[in-house]
Amino acid sequence: MERKKNLKNMLRYVIPSVTALMVNSVYIIVDGFFVMKGVGEKALAAVTLSVPFLEALIAVSMLLSVGAGIYISYYLGKGSKNTANTVLNTSLALLFLVSAVISISGIVFLKDLARILGADETMTELVCDYLKYLLYFSPALILSYALATFLRNDNKPGLGMIAMIFGGLANGILDYVFIFVFNMGIEGAGLATGLGPVFSILIMMPHFFLKKGDLYFRLSAFSFRYCKKILTAGIPAFITEYSLGIVTYLHNFVIIRILGEQGVAAYGIIGYVALIVLTFYLGISQGIQPLISMAYGAGKDRELKFYTRVSFIFAGIIGIVSTAVIIVFARPITEIFSGNNSELTAVTVYGLRIYSVNFILAGINILAISIFQSVQKVKTASVIAVIRSTVFVYAALMTLPVFFGSLGIWLSMPFAEAGAFLVILGICIFTLRDEKEKRAEHVIL
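What this report covers is the structure whose coordinates are included nearby. (Residues numbered from 1 in each chain as written. Predicted model: local features only at pLDDT ≥ 70, side-chain atom pairs only at ≥ 80, totals over all residues. Heavy atoms only, no water.)

1. Topic: the overall build of the chain
Point 1. Per the secondary structure count, the chain includes 16 helices and zero strands.
Point 2. Here the C-alpha radius of gyration of the chain, 22 Å, is about what a compact globule of 445 residues would show, namely 22 Å.
Point 3. Residues counted as buried form 57% of the 445 residues belonging to the chain.
Point 4. Within the chain, counting contacts between residues at least 6 apart in sequence, those at least 24 apart form 83% of the total.
Point 5. Carbon and sulfur atoms provide 68% of the accessible area of the chain, an area that totals close to 18,600 Å².
Point 6. With 34 positive and 24 negative side-chain charges, the chain shows a spacing of 14 Å between the two charge centroids. (Helix = DSSP H or I, 4+ residues; strand = E, 2+ residues; numbered from the N terminus. Rg over C-alpha atoms; globule rule 2.2 N^0.38 Å. Buried < 20%, exposed > 50% of the residue type's maximum accessible area, 1.4 Å probe, protein only. Contact = heavy atoms within 4.5 Å. Areas by Shrake-Rupley, 256 points an atom, 1.4 Å probe, with all protein chains shown as cover. Lys, Arg positive; Asp, Glu negative; His and termini not counted. Charge placed at Lys NZ, Arg CZ, Asp CG, Glu CD.)

Now the structure itself:
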């Protein structure tokens, strides 16, 4: 009975989390689809070059909201609602400050930002046209993700899901209207992506203003004491989320030199497919975060172990099934975006089949980071996140293409995930051994 109750509770959090993040992924994918169909291959390459910045905005939101969420659920588990609200409002103040700085700085240095993202002289204008609207609305995008996280930690995961679905639908409709009806081109895609989160925010805000849960807005609740804690605790979530951006940036840097603009467009399509699969993993990790943090705060070890074990089982099943499906159906999946462009289709199908092997281990790695973070083992989670998303990916991209050419580009992610898995396995073995030794010493004493 207890297992069924815990499983039901887990699904109540995980399903809305996965659904909400899946809709958020549509922000990026719909842009790519409509841009490819309505503007062209070069515009799709420009959107792909912009993806790391969009992921950076989401990662900043995760840094401050998940970092706060860990302590919010921890204190709610202990019955300290006032402290939980102090953490919430401190996080909100940081969110507004950071998003304003990003928006203003990005607008002032727009062309420099485009070049940093890898745009050459022929691509800079297109990238700027797409980015400028993201910058105008970046505070809204950052806040929408944060509010959805806070709702999960306030026992309202379904409301966050509804809000994100509504925002995603608005984005898709506006994409079509701006690109095909008003002929705004790539600027229309950027404007649609910027406006989508506004609709989500309008749905979520009343919950906090009207005090419909344990968490609510209160200006006087800001505390400098929790600023460092929030930022420190959120680092693994930031790295995990931005790993999509880091990986895209590093791949774009190498691909544009070896395969050119067509290679970047192909990687853009591969990135959209990867985003769907990784969204499942991120949704599970963010869904179980409040449950694990609350169980940890309340000292419920059996619940904590159950949520951990079942989430790993889910990730393993999703990894195997998704890899098999992608390998078999790589061509029809690719043609959704590439259409009749046979050269682009051939390059993408070849890369996608090899690249997709990394999904088998990616979910386990992402969940391990989230679980360590949720029980406040932030240093361990941060080390794993950095190794997974930066060190191994960079090493693979700098070496494998030298020996294997374009094949080395697509092999980089399977290599990186395998290396991260071995590191995580070693850390888990060491941690379990250390805990057994401590228990043995306690028994002797």
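Now that the structure is up, let's keep going.
2. Structural notes on the packing of helix α2 (residues 41-77) against helix α6 (residues 138-153)
Point 1. Two elements in contact, α2 and α6, have axes separated by 8 Å at closest approach and are oriented at 25 degrees. Judged by the inter-axis angle, α2 sits roughly parallel to α6. Seen from above, α2 lies across α6 with right-handed handedness.
Point 2. Partitioning the contact of α2 with α6 into residue classes produces 14 nonpolar, seven polar and no charged. (Axes fitted to C-alpha atoms, helices over the stretch in contact; angles between N-to-C directions. Parallel < 35°, antiparallel > 145°, perpendicular 65-115°, else oblique. Left-handed = near helix turned anticlockwise from the far one by under 90°. Nonpolar A, V, L, I, M, F, W, Y, C, P; charged D, E, K, R; others polar.)

3. Concerning empty space enclosed by the protein
Point 1. With the rule as written, the count across this model stands at five cavities of 30 Å³ or more.
Point 2. Taken as a whole, the second largest cavity encloses approximately 130 Å³ of empty space.
Point 3. Along the walls of the second largest cavity sit 15 residues, with Ala237, Ser285, Gln286, Ser370 and Gln373 positioned nearest its centre.
Point 4. For the lining of the second largest cavity, the per-class residue count stands at seven nonpolar, six polar and two charged. (1 Å grid on protein atoms, 1.4 Å probe; cavity = no way out; pocket = protein on both sides within 12 Å on 5 of 7 lines; lining within 4 Å. Points joined across faces, edges and corners; volume = space filled by probe spheres on them.)

4. Observations concerning the packing of aromatic side chains
What describes a pair of aromatic rings is the distance from one ring centre to the other and the angle between the planes of the rings.
Point 1. In total, this model carries 17 aromatic pairs according to the counting rule given.
Point 2. On the numbers, 5.1 Å between centres and 20 degrees between planes, the contact of Phe208 with Phe217 is stacked.
Point 3. Residue Phe208 is classed as buried on the basis of its relative accessible area, which comes to 0%.
Point 4. Cluster of aromatic residues (ring-pair linked, three or more members): Tyr71, Tyr74, Tyr75, Tyr226 and Tyr296.
Point 5. Positioned over the ring face of Tyr216 is Lys211, at 4.8 Å from the centre of the ring. (Phe/Tyr/Trp six-rings, centres within 6.5 Å; stacked < 30°, edge-to-face > 60°. Lys NZ or Arg CZ within 6 Å of the ring centre and 35° of its normal.)

All quantities given are derived from atomic positions and should not be read as evidence of function.
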